[in-house]
Amino acid sequence: MISYWWPLVLVIVSNVLYQICAKSVPKDVHPFASLTVTYLVGAVAAGILYFFFAPGESLWKEYGKLNWAPVVLGLVIIGLEAGWICAYKAGWPVSVGFIVQSAFLAVVLLLVGYVLYHEPLSWSKIVGVVICLIGLVFLNR
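Predicted, not measured: the structure shown is a model, and the values here were computed from it. (Residues numbered from 1 in each chain as written. Predicted model: local features only at pLDDT ≥ 70, side-chain atom pairs only at ≥ 80, totals over all residues. Heavy atoms only, no water.)

J.: I'd love a proper account of the layout of surface pockets, names of residues and values included.
T.: As a volume, the largest pocket reaches approximately 550 Å³. What lines the largest pocket is a set of 17 residues, among which Gly42, Ala43, Ala45, Ala46 and Gly47 lie closest to the centre. Put simply, the parts of the chain that give the lining of the largest pocket at least two residues each are α2 (31–53), α3 (59–63) and α4 (69–89). By residue number, the principal contributor to the lining of the largest pocket is α2, which donates nine residues. Class assignment for the residues of the lining of the largest pocket results in twelve nonpolar, four polar and one charged. Forming the walls of the second largest pocket are 13 residues, and the residues nearest its centre are Asn15, Tyr18, Gln19, Leu80 and Trp84. At six residues, helix α1 (residues 2–24) tops the list of elements feeding residues into the lining of the second largest pocket. (1 Å grid on protein atoms, 1.4 Å probe; cavity = no way out; pocket = protein on both sides within 12 Å on 5 of 7 lines; lining within 4 Å. Points joined across faces, edges and corners; volume = space filled by probe spheres on them. Helix = DSSP H or I, 4+ residues; strand = E, 2+ residues; numbered from the N terminus. Nonpolar A, V, L, I, M, F, W, Y, C, P; charged D, E, K, R; others polar.)

J.: Help me get a handle on a nonpolar patch on the surface, residues and values and all.
T.: Nonpolar side chains collect at one region of the surface, where Met1, Tyr4, Trp5, Leu8, Val9, Val11, Ile12, Val13, Val16, Leu17 and Ile20 lie side by side and expose about 1,200 Å² of accessible area between them. Position of Ile12 among the secondary structure elements: in helix α1. (Patch = residues over 30% accessible without salt bridge, like charges linked within 9 Å, V, L, I, M, F, W, Y side chains within 5 Å. Areas by Shrake-Rupley, 256 points an atom, 1.4 Å probe, with all protein chains shown as cover. Salt bridge = Lys/Arg side-chain N within 4 Å of Asp/Glu carboxyl O.)

J.: An account of the pattern of salt bridges is needed here, citing residue identities and associated values.
T.: Within this structure, the stated rule accounts for one salt bridge. Among the salt bridges present, the one from Lys65 reaches Glu62, with a minimum N-O distance of 2.9 Å. For Glu62, a relative accessible area of 28% gives the class partly exposed. (Buried < 20%, exposed > 50% of the residue type's maximum accessible area, 1.4 Å probe, protein only.)

J.: So what's going on with the side chain of Ser34? Which residues, and what values?
T.: Take Ser34: it is sitting in helix α2. When near neighbours in sequence (up to four residues on either side) are disregarded, Ser34 contacts Val25, Val29 and Ile85. (Contact = heavy atoms within 4.5 Å.)

J.: Which residues make up the packing of α1 against α4, and what values go with them?
T.: Look at α1 against α4: their axes get within 8 Å of each other, and the N-to-C directions meet at 60°. Judged by the inter-axis angle, α1 sits oblique to α4. Once α1 is placed against α4, the crossing between them reads as right-handed. Residue-level inspection shows Tyr18, Gln19, Ala22 and Lys23 of α1 in contact with α4, the latter providing Leu80, Glu81, Trp84, Ile85 and Tyr88. Taken together, the residues of the contact of α1 with α4 break down into six nonpolar, one polar and two charged. (Axes fitted to C-alpha atoms, helices over the stretch in contact; angles between N-to-C directions. Parallel < 35°, antiparallel > 145°, perpendicular 65-115°, else oblique. Left-handed = near helix turned anticlockwise from the far one by under 90°.)

J.: Any chance you could break down the packing of aromatic side chains for me, citing the residues and the numbers?
T.: Throughout the structure, instances matching the rule amount to six aromatic pairs. Centroid distance Tyr4 to Trp5: 5.4 Å. Interplanar angle 85°. Geometry classified as edge-to-face. When the centroid spacing of 5.3 Å and the interplanar angle of 80° are considered together, the rings of Trp60 and Tyr63 count as edge-to-face. Note that Trp60 and Tyr63 are positioned in helix α3 at a spacing of three residues, about one turn of the helix. Tyr63 sits in the partly exposed class, given a relative accessible area of 41%. Members of the aromatic cluster, each reached through a chain of ring pairs, are Trp84, Tyr88 and Phe98. (Phe/Tyr/Trp six-rings, centres within 6.5 Å; stacked < 30°, edge-to-face > 60°.)

Keep in mind these values describe shape, not function.
Right, dumping it as structure tokens:
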């Protein structure tokens, strides 16, 4: 049971800290300058964690197993992070911006799951999306 829930707890805690950090980037710092430090720290931390959790394994061998996804993911993450930093600099409140994007993201990912991965689309999911969209109306009034 714990192996099922701990990843989501990690994502939630990381997301809260992420939003606090993104909102705290100084307004006079260019987002991409900030992201160079972010990813330098992230690369070093990922390297250390790799060797901690996979002792004796060859990192180069692991690199040989990769496909296109990590490269595109790196570009996408830059877009996500620059987007959040710019959204906060533009004045989006941390309490509303994340909810707005999450609701729209839920709608899009429901469609992506259905079209690309053939995940079932039930009436309860459709009703949930409608409720999310109604919630957006109330949040933005």
